[in-house]
Amino acid sequence: MANVLVVAETRGGELRSVALEVVTAARKAADASGGGEVHALVFGAPGTGAAVQDSLGRHGADLVVAVESAGLEHYDAESLAATTAERLRSGGYRAGFFAASAQGRDLAPRVAAALGVSLASDVTALELSGDALVVQHPVYVGKAIATLRLTGTPALASIRPGAVTAAEAARTPRLETAPPASDPASSRVRVREMLARGDAKLDLGEAPVIVAGGRGLRAAENFRLVEELAAAFGNAAVGATRAVTDDGWRPATDQIGQTGRMVNPNLYVAVGISGAIQHLAGMRTSGTIVAINRDKDAPIFKLADYGIVGDLFEIVPRLTEEIRKARSGG
Ligand SMILES: Cc1cc2nc3c(=O)[nH]c(=O)nc-3n(C[C@H](O)[C@H](O)[C@H](O)COP(=O)(O)OP(=O)(O)OC[C@H]3O[C@@H](n4cnc5c(N)ncnc54)[C@H](O)[C@@H]3O)c2cc1C
């Protein structure tokens, strides 16, 4: 029986939803392997640990280790990597889990390199089995799933956002503070400011619903239809194919796919998207997939749970209207 360390990601002093997913995964893995504590490492400005302690406890953390400093208000790769590696090294942890978010993808390999241990990136399932960490990792743009056994301690994994559903596992966690292992003021790279896109309501990686548009929309201004459908759902983010972002109809940050964002929402609505393999690579693990396309042979229909064959310019406004009505109880 040994403990698991997770890095619980915060932004602007608040927990990101991926943090709760990673804590949930750690709790389940620890419980299924006969117990052990889940320790959540939190970085941020002074006060961050106390602010997130309850929420982390409600999802299964036994201990919150707060590393607080004015210099850690924003992500500091060097300081976070040194501190996480030091904690894993000195704490006798069996495993360390990260979110495979933009930050986690940067941090986890730095920690693995500092410790000289194995890291499985972007895993969709994991368990502690005997002396190994066994993970599932999609390969070949999601067409196959590799099962990897990581032996050695600590074994590290980053977990794909949305792959685990955050669940309650009530704990009353202890709060401990710890200094950073390296002073953020001496880091060679410093984040001075984080700019959020003014119109971005929900992050693609965290939205439970995504409405994505493709070249079938014909012009940038027609994305209004996609935005209205997303707004009707109330909890949806807008995504796009690379054809669309390359044409400048949407910002590159909206691109979903092999060379864009990997997303995993409960519901994915593909509007005027053909379903090229590179696009499917980023969204094929979505819960329910609905495709709207006028070409009945479009490859997206092979993956879709529900397919609507027809002209999106007729279908999307009607769908938006029906969803508005359904949500207002009409
Ligand atoms: C190395 C590499 C990496 C790539 N990475 C990515 C990536 O990360 N993400 C990505 O998305 N792509 C990526 N691509 C590009 C990818 O191969 C496709 O070109 C792209 O996904 C196609 O986008 P699309 O579906 O919007 O356009 P199209 O393939 O042109 O499809 C448009 C669809 O709209 C339908 N349509 C047209 N009019 C209507 C209408 N009125 N009503 C309903 N349906 C209509 C058509 O039937 C068609 O199926 C990559 C390509 C390469 C080579």
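What you see is a predicted model, and the numbers here were worked out from it, not measured in a lab.

The rules we used
- Residues numbered from 1 in each chain as written.
- Predicted model: local features only at pLDDT ≥ 70, side-chain atom pairs only at ≥ 80, totals over all residues.
- Helix = DSSP H or I, 4+ residues; strand = E, 2+ residues; numbered from the N terminus.
- Rg over C-alpha atoms; globule rule 2.2 N^0.38 Å.
- Contact = placed C-beta atoms within 7 Å.
- Pairing = 2+ DSSP bridges.
- Axes fitted to C-alpha atoms, helices over the stretch in contact; angles between N-to-C directions.
- Domains from an automatic or database assignment.
- Nonpolar A, V, L, I, M, F, W, Y, C, P; charged D, E, K, R; others polar.

Caption draft 1: Molecular detail of the overall build of the protein chain. The helix and strand tally for the protein chain stands at 9 helices and 17 strands. Relative to the 2.2 N^0.38 estimate, which gives 20 Å for 330 residues, the radius of gyration of the protein chain is 21 Å and therefore close to what a compact globule would have. For the protein chain, the spread of C-alpha atoms along the three principal axes comes to 60 × 40 × 40 Å. Long-range contacts, defined as pairs at least 24 residues apart, comprise 68% of the intrachain contacts of the protein chain with a sequence gap of at least 6.

Caption draft 2: Fine view of the sheet that holds strand β1 (residues 4-7). The sheet built from 7 strands is open, its strands ordered β7-β11-β6-β1-β4-β5-β12 with parallel pairing. Bordering the open sheet on either side are β7 (119-123) and β12 (174-177), each of which pairs with just one other strand. Direction aside, the axes of adjacent strands within the sheet are offset by 20° on average. As defined by bridge partners, strand β4 (residues 38-44) adjoins strand β5 (residues 63-68) across 6 bridges and the pair is classed as parallel. Residue pairing for β5: F43 is matched across the bridge by V67. Strands in contact with helix α1 (residues 17-32) are β1, β4, β6 (95-99) and β11 (155-159); relative to β6, the strand with the most contacts, it is inclined by about 155°. Against the sheet, helix α3 (residues 77-91) touches β1, β4, β5 and β6, its axis set at about 170° to β1.

Caption draft 3: Spatial organisation of the domain arrangement of the protein chain. Here the protein chain is described as being made up of domain 1 (4-186) and domain 2 (209-327). Between domain 1 and domain 2, the C-alpha centre-to-centre distance is 32 Å. Taken together, the contact between domain 1 and domain 2 spans 7 residues of the former and 9 residues of the latter. A breakdown of the residues in the side of domain 1 that touches domain 2 according to their chemical character gives 3 nonpolar, 3 polar and 1 charged.

Caption draft 4: Main features of unusual backbone geometry. Looking along the chain, the bond that leaves T153 and enters P154 is cis, with omega of -10°. Residue position: P154 is located in the loop between β10 (144-150) and β11. In this model, D122 sits at a positive phi of 55°, which is unusual for a non-glycine residue. Residue placement: D122 occurs in strand β7.

Caption draft 5: Representation of the sheet that holds strand β8 (residues 125-129). In space, the 3 strands of this open sheet follow the order β8-β9-β10, with antiparallel pairing throughout. Strands with a single pairing partner mark the edges of an open sheet, and in this sheet they are β8 and β10. With direction set aside, neighbouring strand axes in the sheet form an average angle of 20°. Alignment of strand β9 (residues 132-139) against β10, held across 7 bridges, turns out to be antiparallel. Looking at β10, one finds that H137 is bridged to A146.

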